[in-house]
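Summary of structural features
Below, each chain spelled out in residue letters.
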Amino acid sequence: MIDANTKPNKGIILKKSVEYIRHLTQALQSQGIRIHELETGMSGQASLQNQSQATSGLAAMLAGASNMNQARSPGNDGNMMNTGL
């Protein structure tokens, strides 16, 4: 340990700097791992939500198409330019 009355020399400053840089590097790596875990977990949840929304959207589209087909009268093809030919 450094005495409060002792002036730190270049060697001590360099050694403490290297120790702190190693500490920061380890902290950065652990945070990177944690971020990856969170992103992986979120992407799994997001893909489940997207699948659910896509399924419900498809069901709504199919229901809408079914309703449109039922609403059409026989002989009317839905063409607004029906000239009667």
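See the structure shown above.
Please read these numbers as outputs of a predicted model, since none were measured by experiment.

The next thing to look at is the overall build of the chain. Across its full length, the chain carries 1 helix and 0 strands. Within the span of the chain, comprising 85 residues, buried residues form 0% of the whole. When the accessible area of the chain is evaluated, it comes to approximately 8,000 Å², of which 61% is carbon and sulfur surface.

What follows deals with the pattern of salt bridges. Summed over all chains, the structure comprises 2 salt bridges. Here Arg-34 ties to Glu-37 by a salt bridge, and the two come within 3.9 Å at their closest N and O atoms. Note that Arg-34 and Glu-37 are positioned in helix H1 (residues 10-71) at a spacing of 3 residues, about one turn of the helix. Residue classification places Glu-37 among the partly exposed positions, given a relative accessible area of 46%.

Attention shifts here to the environment of Asn-9. Its location among the elements puts Asn-9 in the segment before H1. Here Asn-9 falls in the partly exposed class, since its relative accessible area comes to 44%. Only 3.1 Å separates the side chain of Asn-9 from the backbone nitrogen of Gly-11, close enough to count as a polar contact. At 2.9 Å, the side chain of Asn-9 and the backbone nitrogen of Ile-12 are in polar contact.

What counts as what
- Residues numbered from 1 in each chain as written.
- Predicted model: local features only at pLDDT ≥ 70, side-chain atom pairs only at ≥ 80, totals over all residues.
- Heavy atoms only, no water.
- Helix = DSSP H or I, 4+ residues; strand = E, 2+ residues; numbered from the N terminus.
- Buried < 20%, exposed > 50% of the residue type's maximum accessible area, 1.4 Å probe, protein only.
- Areas by Shrake-Rupley, 256 points an atom, 1.4 Å probe, with all protein chains shown as cover.
- Salt bridge = Lys/Arg side-chain N within 4 Å of Asp/Glu carboxyl O.
- Polar contact = N/O pair within 3.5 Å; in protein donor to acceptor, adjacent residues only side chain to side chain.

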